[in-house]
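Residue strings, one per chain:
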Amino acid sequence: MIDNRVSAIVLAAGKGKRMESKVAKQYLTINEKPILYYSLMEFERNEKIDEIILVVGENDIEFCKNDIVEKYNFKKIRTIIKGGKERYNSVYNALNNIDKTKYVLIHDGARPFITQKTINDVVCAVIEHKACIVGVSSKDTIKIGDIERWVESTPSRDVLWSIQTPQAFEYNIILAAYKELIKEENINVTDDSMVLELMTKHPIKIVEGDYRNIKITTVEDLIIGEQFLKMRNLIINS
Ligand code: CTP
Ligand code: MG
């Protein structure tokens, strides 16, 4: 194992059903570049990241090689692999296709506005804590409701976090947890840290992130995304 090697898994094998577009949402363009380009570029230009593993749909591998990796001259993309049916299948495929690494950052390719600061903070936190996730303090009041939609309680906002990606782990720890998960029958996980929560007792640190790191999910998000890019072009180095 190469000491302290840091790999980024960028997930782009989803179908983007909620976007209801012909082309999967990660290939839609904002400011003339595909959404996926932006997240790849942030990992490409971050000095703490050694390599990128790109996960896409089986039929999109050639397209991504030509129209993303070569076209934009990405140098850190070590391999493009095919994803699976669910997000966790895609992550599991990626984890099984990396070797000789110490840390992995798992990121949704549909979150193009990841910042250099967040990547840096996550890498520092994973080295210190072995497992960490990015989150922002919840702006909304969150209620727990029962099955008939009666309010049960209101947790304090101080302990509520909206969780994003990247989520980062020591490679051996997350691979072992995923291997256990895959043996289960009814798998219902919505992020990677949940796999650790369910399969291990390993503590997971929350790293405070950025409200701009949204996941492009529906059409409104494209409009918001365009505005974020305009804002970023105005503020140099943001
Ligand atoms: N993803 C993946 N493999 C899957 C499902 C999702 O790699 N089988 C990726 C998506 O491409 C996306 C990220 O995981 O970058 C987060 O998923 P989500 O926002 O739910 O994207 P989609 O599943 O594509 O969208 P939808 O749920 O609306 O179909
Ligand atoms: Mg999905």
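Just so it is clear, the model here is predicted, and its values are computed rather than measured.

How each quantity is defined
Each chain has its residues counted from 1, following the order in which its sequence is written. Each chain is given a letter, starting from A, and each ligand a number, starting from 1, according to the order in which they appear as written. Owing to the predicted nature of the model, reporting of local features is limited to residues with pLDDT of at least 70; listing and counting of side-chain atom pairs is limited to 80 or more, with chain, interface and lining totals taken over all residues. Hydrogen atoms and water are omitted, and side-chain values are computed over all heavy atoms in the structure. By convention in this text, a residue qualifies as near a molecule or strand provided that one of its non-hydrogen atoms is within 4 Å of it. Polar contact criterion, stated in full: a pair of N or O atoms within 3.5 Å, where within protein one must be able to donate a hydrogen and the other to accept it, and residues adjacent in sequence count only if both atoms are side-chain atoms. Only the protein chains shown count as cover for residues, with accessible areas throughout obtained via the Shrake-Rupley method and a probe of 1.4 Å. For the purposes of this entry, the term helix denotes a DSSP run of H or I that reaches at least four residues, the term strand denotes a run of E that reaches at least two, and both are numbered from the N terminus. Here, a salt bridge means any side-chain nitrogen of Lys or Arg that lies within 4 Å of a carboxyl oxygen of Asp or Glu. Working definition: with a 1.4 Å probe on protein chains only, accessible area under 20% of the residue-type maximum means buried, over 50% means exposed, and in between means partly exposed. Between 30 and 60 degrees the pair is tilted, below 30 it is stacked and above 60 it is edge-to-face, where a pair is any two Phe, Tyr or Trp rings, Trp via its six-membered ring, whose centres lie within 6.5 Å. Only Lys NZ and Arg CZ are tested; either one counts as a charge over a ring when it is within 6 Å of the ring centre and within 35 degrees of the ring normal. The rule for pairing is simple: two strands pair if DSSP sees at least two bridges between them. What counts as an axis is a line fitted to C-alpha atoms, over the stretch in contact for a helix, and the angles between N-to-C directions run from 0 to 180 degrees. Any pair of residues with heavy atoms lying within 4.5 Å of one another is described as a contacting pair. A crossover counts as right-handed when, viewed with the strands pointing away from the observer, the path leading from the first strand over the helix to the second turns clockwise.

Trainee: For the site of ligand 1, give the residues involved together with the corresponding values.
Mentor: By nearness alone, 18 residues border ligand 1, and Gly16, Lys17, Arg18, Ser90 and Lys215 come closest of all. The contact in question runs from an oxygen atom of ligand 1 to an N or O atom on the backbone of Leu11, over 2.9 Å. Protein contact buries 88% of the 570 Å² of open area that ligand 1 shows by itself. When residues of the shell around ligand 1 are traced back to their parent elements, those giving at least two are β1 (6-12) and α3 (87-96).

Trainee: For the pattern of salt bridges, give the residues involved together with the corresponding values.
Mentor: Inspection of every chain in the model, using the stated rule, returns 13 salt bridges. Where Glu42 meets Arg232, a salt bridge forms, and the shortest distance between an N and an O atom there is 3.9 Å. One end of the pair, Glu42, is in helix α1 (residues 35-44); the other, Arg232, is in helix α7 (residues 219-234), with 190 residues separating them in the sequence. A residue is classified by how much of its surface remains accessible, and Glu42, at 5% relative accessible area, is buried.

Trainee: Lay out the packing of aromatic side chains with the relevant residues and their values.
Mentor: For the structure shown, the criterion picks out 6 aromatic pairs. Each ring, one from Tyr27 and one from Phe63, has its centre 5.3 Å from the other, and the planes form 85 degrees; the classification is edge-to-face. Placement of Tyr27 in the loop between β1 and β2 (29-30) and of Phe63 in helix α2 (residues 61-70) is noted, with a sequence separation of 36 residues between them. Seen from their ring centres, Tyr37 and Tyr38 are 5.1 Å apart, and the 80 degrees between their planes marks the pair as edge-to-face. Look at Tyr37 and you get buried, because its relative accessible area is 12%. Feature note: the residues Tyr37, Tyr38, Tyr72 and Phe74 constitute an aromatic cluster, connected by ring pairs. Over the ring of Tyr211 we find Lys139, and its NZ or CZ is 4.2 Å from the ring centre.

Trainee: Describe the sheet that holds strand β4 (residues 51-56), and please don't skip the residues or the numbers.
Mentor: Backbone-to-backbone hydrogen bonds pair the strands of a sheet. The strands run either parallel or antiparallel. Strand order in the open sheet made by the 7 strands is β5-β4-β1-β6-β10-β7-β11, with mixed pairing throughout. Two strands close off the open sheet at either side, each with one partner strand: β5 (77-82) and β11 (205-208). When strand polarity is set aside, the average angle formed by the axes of neighbouring strands in this sheet is 25 degrees. Note that strand β6 (residues 103-108) and strand β10 (residues 161-170) share 4 bridges and pair antiparallel. Opposite Leu105, over in β10, you have Ala168 as the bridge partner. Across the sheet, α1 touches β1, β4, β5, β6 and β10, and the angle it forms with β1 is around 180 degrees. Lying over the sheet, helix α5 (residues 171-182) contacts β6 and β10, oriented at roughly 110 degrees with respect to β10.

Trainee: Can you explain the pairing of β5? Please cite residues and give values.
Mentor: The sheet contact formed by β4 and β5 spans 5 bridges and is parallel. If you follow Val55 over to β5, its bridge partner there is Ile81. Crossover connection from β4 via α2 to parallel β5: handedness right-handed.

Trainee: Outline the environment of Glu44, supporting the account with residue identities and numerical values.
Mentor: Note on placement: Glu44 falls in helix α1. As for Glu44 and Tyr178, which are separated by 134 residues in sequence, their C-alpha atoms are 26 Å apart. What Glu44 contacts, discounting residues up to four positions off in sequence, is Ile52, Asn73, Phe74, Lys75 and Lys76.

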